[in-house]
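# Secondary and tertiary structure notes
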Amino acid sequence: SSGATTAILVSMASVGLVSVENSVSYLIGANIGSITTAWIVAVKVTSFGVFMFTGGFLLKFVLKNEKLKKISLFIAGLGLIFFGLQMMMDSVSFLKEHQKAFVFFSGFDASSSFVSMLTLVVAGVVFTAVIHSSGATAAMMIGLVSTGAVSLHSGAAVVLGSTLGTTATAYFASFGTSAEGKRTAFLQIFINVIELLAGFILFYPTVGLVMKAISAYSLNTGFAIALYLRLLKIMLALIVFPLRKAFAWIAERFIRKRFRLIIEPINISPVTADDTPEKIKEKFEPVIDLCVKYTTDMLGYSYIGIKK
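Everything in this summary refers to the structure shown in the same document. (Residues numbered from 1 in each chain as written. Predicted model: local features only at pLDDT ≥ 70, side-chain atom pairs only at ≥ 80, totals over all residues. Heavy atoms only, no water.)

## Focus: the environment of Gly208
Here is the rule we go by: Strands are runs of DSSP state E lasting at least 2 residues, helices are runs of H or I lasting at least 4, and numbering of each runs from the N terminus.
Along the chain, Gly208 turns up in helix α12 (residues 203-217). Spatially, the C-alpha atom of Gly208 lies 18 Å from that of Val115, the residues being 93 residues apart in sequence.

## Focus: the pattern of salt bridges
For the record, the criterion: The working definition used for a salt bridge is a side-chain nitrogen of Lys or Arg within 4 Å of a carboxyl oxygen of Asp or Glu. Only protein chains enter the calculation, and the probe is 1.4 Å; a residue is then buried if its accessible area is under 20% of its type maximum, exposed if over 50%, and partly exposed in between.
Within the structure shown, the criterion is met by four salt bridges. With its nearest N and O atoms 3.0 Å apart, the salt bridge here joins Lys233 to Glu195. A residue pair is termed long-range when its members are at least 10 positions apart, and Lys233 in helix α13 (residues 221-240) and Glu195 in helix α11 (residues 179-201) qualify at 38 residues. For Glu195, a relative accessible area of 2% translates into the label buried. A salt bridge links Lys283 to Asp275, with the nearest nitrogen and oxygen atoms 2.7 Å apart.

## What to know about α12
Condition: Working rule for helices: expected span equals 1.5 Å times residues minus one. It is the directions from the helix axis to the C-beta atoms that the arc portrays. Throughout, a contact is declared for two residues whenever any of their heavy atoms are within 4.5 Å.
The terminal C-alpha atoms of α12, which comprises 15 residues, lie 22 Å apart, in line with the 21 Å expected from a rise of 1.5 Å per residue. Listed in full, the buried residues belonging to α12 are Phe203, Thr206, Val207, Val210 and Ile214. Down the axis of α12, the buried side of the element spans an arc of 95 degrees, and every buried residue falls inside it. In α12, the exposed residues that point more than 90 degrees away from the buried face are Pro205, Leu209, Lys212, Ser215 and Ala216. In this fold, the buried residues of α12 make contact with α7 (114-131), α9 (152-165), α11 and α13. Backbone geometry just downstream of α12 places Ser218 in the positive-phi region, at approximately 50 degrees.

## Looking at the packing of aromatic side chains
Basically, it comes down to this: Here the aromatic set is Phe, Tyr and Trp, taking the six-membered ring for Trp, and pairing holds for ring centres within 6.5 Å; pairs whose planes are under 30 degrees apart are stacked, those over 60 apart are edge-to-face, and all others are tilted. Throughout this description, the term charge over a ring refers to an Arg CZ or Lys NZ atom that lies within 6 Å of the ring centre and within 35 degrees of the ring normal.
This structure, assessed with the given rule, holds 11 aromatic pairs. Both rings, one in Tyr171 and one in Phe175, keep their centres 5.0 Å apart while their planes meet at 75 degrees; by these two values the pair is edge-to-face. Between Phe203 and Tyr204 the ring centres are 5.1 Å apart and the planes differ by 85 degrees, which places this aromatic pair in the edge-to-face class. Each residue in the set Phe186, Phe190, Phe247 and Phe254 is aromatic and connected to the rest through ring pairs, giving one cluster. Above the plane of the ring of Phe61 lies Lys60, whose end atom (NZ or CZ) is 4.9 Å from the centre. Geometry around Phe241 places Arg244 over its ring, the cationic atom sitting 4.0 Å from the centre.

## Describing the packing of helix α2 (residues 20-33) against helix α14 (residues 244-254)
For any two helices packed against each other, one specifies the inter-axial angle together with the distance between the axes. As a reminder, the rule being used: Working convention: axes come from line fits to C-alpha atoms, limited for helices to the stretch in contact. Angles between N-to-C directions cover 0 to 180 degrees. Any angle from 65 to 115 degrees is called roughly perpendicular, while one under 35 is roughly parallel, one over 145 is roughly antiparallel, and all others are oblique. Handedness of a helix crossing follows the sense of rotation of the near helix relative to the far helix, less than a right angle counterclockwise being left-handed and clockwise being right-handed. For this scheme, ten residues count as nonpolar: Ala, Val, Leu, Ile, Met, Phe, Trp, Tyr, Cys and Pro. Four count as charged, namely Asp, Glu, Lys and Arg, and the remainder, Gly too, count as polar.
At a minimum axis separation of 8 Å, α2 and α14 run at an interaxial angle of 120 degrees. Regarding the angle of α2 to α14, the classification is oblique. Handedness of the crossing formed by α2 with α14: right-handed. When α2 is examined against α14, the residues Val20, Glu21, Val24 and Ser25 are found in contact with a partner set consisting of Arg244, Lys245, Ala248, Ala251 and Glu252. Of the residues assigned to the contact of α2 with α14, the class counts are four nonpolar, one polar and four charged.

Now the structure itself:
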């Protein structure tokens, strides 16, 4: 999940563990890493999900070593993810037999209509933003393309839209964070907009290249979506990585640090003779914390005044 990675990265940047410039490299890596989901679905590894979950769950009660217990729980959780992806892919297989649904989807054929391609891209953005997972969107498209319910061009258009829809997770994760956290979320959206535009401009040549590769090696059409995603992410890395310093500069100029205005009154609870040291500490700790905030702000505003 690139969305989960980005959400963690936003938190790390917010507290100063990762610089804004370095976060660009992490974001590129997260984008490339998200392709794994599509490949897992394409090569049918997800069919082992039930066995992984069952085995990992049972081993938790059999094993004595605590580290091995943690590993077994990890395997069980991974098995659940695989099983969920398999369910998503299987859930759309009925569309091939469902005539009305088939007619509806065939009405948006990105291979023959630019408007249909644009519509499917927007649909991919909205759908992925709702479910917060571009990997799940890719899994469903692999299922649809494999069954023939959707053409390769149409599936690729939805997957292209999912690259921007997945940024919704980073956007929500940035609420309440510092300027650095907001800058990281902004960079995730900014980078994925570039990916969307590049993919949009080179859509037909890229899909054509994928189709040639699939036919040359006689691969399943499900591989085509995974291969298309791979080309898309490589293209993104080639565009963004050399310009990461410039992107960090743009983020810093676009989102500036703001000092909070504290208007909370300082209320000190009265101390009585019956209060224990612990009780007194409990009364004074919030007041001390508030005084530290006021002092920090006063120093910050004094620094701004001196600089100006």
